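The residues making up each chain are set out below.
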Amino acid sequence: MTTIRRFCCNDLLRFTSVNLDHLTETFNMSFYLTYLARWPDYFQVAEGPGKRIMGYIMGKVEGQGESWHGHVTAVTVAPEYRRQQLAKKLMNLLEEISDKIDKAYFVDLFVRASNTPAIKMYEKLGYIIYRRVLRYYSGEEDGLDMRKALSRDVENKSVIPLKRPVTPDELEYD
């Protein structure tokens, strides 16, 4: 049985095996602690039998005006727990928090342009490719900014794709 709950400090000492995937970004401890302190609702873990960490999602809410949105910083599932719709459950939870609690207009995420399985999964969840970000990952690989409109964006303005790629310095950060 899988339990989805808030991530806690002790989980930082137990989730290394989930981060071993070469497509998963690994951050320093202070980065995770900042998310845990500032956006605890957006940092969730899926735990299996024996309290084994199966996967997690880490995100935040940011922006202003019609750019107010939920952001998926990382979502990853250990290889042995994939194909069980765990990432979908974690994504749905973050979307629900963004939509119902924080009243965001959309949820966005960045994914490596070469990560076809993840792109296909996000598309099945209703995300569209909003724009390409040139050399987003380590100044080498392009990233795709994918978005999904939430109920507050009744006209779906937030998901009208840009016609040209952008560079990382053109991105807006909070």
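Residues numbered from 1 in each chain as written. Predicted model: local features only at pLDDT ≥ 70, side-chain atom pairs only at ≥ 80, totals over all residues. Heavy atoms only, no water.

### Observations regarding the pairing of strand S3 (residues 53–62)
Extensive coverage of S3 is indicated by the burial of 10 of its 10 residues. Two strands pair when backbone bridges link them, and strand S2 (residues 43–47) and S3 are joined in this way by five bridges, in the antiparallel orientation. If you follow alanine 46 over to S3, its bridge partner there is glycine 55. Connecting the antiparallel pair S2 and S3 is a turn made up of five residues, with glycine 50 showing a positive phi of about 70°. Strand direction decides the pairing type here: S3 and strand S4 (residues 69–77), joined by eight bridges, are antiparallel. Each residue of the ladder has a partner; that of glycine 55, found in S4, is valine 77. The loop that links S3 with its antiparallel partner S4 comprises six residues; one of these, glycine 63, has a positive phi angle of about 100°. (Buried < 20%, exposed > 50% of the residue type's maximum accessible area, 1.4 Å probe, protein only. Helix = DSSP H or I, 4+ residues; strand = E, 2+ residues; numbered from the N terminus. Pairing = 2+ DSSP bridges.)

### A look at the side chain of glutamine 44
The residue glutamine 44 is located in strand S2 in this model. For glutamine 44, the side chain forms a polar contact with the main-chain oxygen of aspartate 41, separated by 3.0 Å. Those residues in contact with glutamine 44 that sit more than four places away from it in its chain are Ile4, Arg5, Arg6, Phe7, Tyr56, Ile57, Leu90 and Leu93. (Polar contact = N/O pair within 3.5 Å; in protein donor to acceptor, adjacent residues only side chain to side chain. Contact = heavy atoms within 4.5 Å.)

### Examining the environment of leucine 109
Within the fold, leucine 109 resides in strand S5 (residues 106–112). Sequence separation of leucine 109 and glycine 59 is 50 residues, and the distance between their C-alpha atoms is 9.2 Å.

### Concerning the pattern of salt bridges
Applying the stated criterion across every chain, the model contains 13 salt bridges. Residue lysine 100 pairs with aspartate 99 through a salt bridge whose shortest N-O separation is 3.2 Å. Taking relative accessible area as the criterion, aspartate 99 reaches 12% and is therefore assigned buried. In this structure, the salt-bridge partner of aspartate 145 is arginine 131, at a minimum N-O distance of 2.8 Å. Of this pair, aspartate 145 sits in strand S7 (residues 141–149) while arginine 131 sits in strand S6 (residues 128–137), and the two are 14 residues apart along the sequence. Neither residue differs from the other here; aspartate 145 and arginine 131 are each classed as buried. Bridged by salt links that share partners, the residues Arg5, Asp11, Arg14 and Glu47 form one connected network. (Salt bridge = Lys/Arg side-chain N within 4 Å of Asp/Glu carboxyl O.)

### Observations concerning helix H1 (residues 29–38)
Those residues of H1 that sit buried are Tyr32, Tyr35 and Leu36. Buried residues along H1 cover an arc of 100° about the axis, so they all sit on one side. Turned more than 90 degrees away from the buried face of H1 sit Ala37 and Arg38, all of them exposed. Of the surrounding secondary structure, the elements contacted by the buried residues of H1 are S2, S3 and S4. (Arc of directions from axis to C-beta.)

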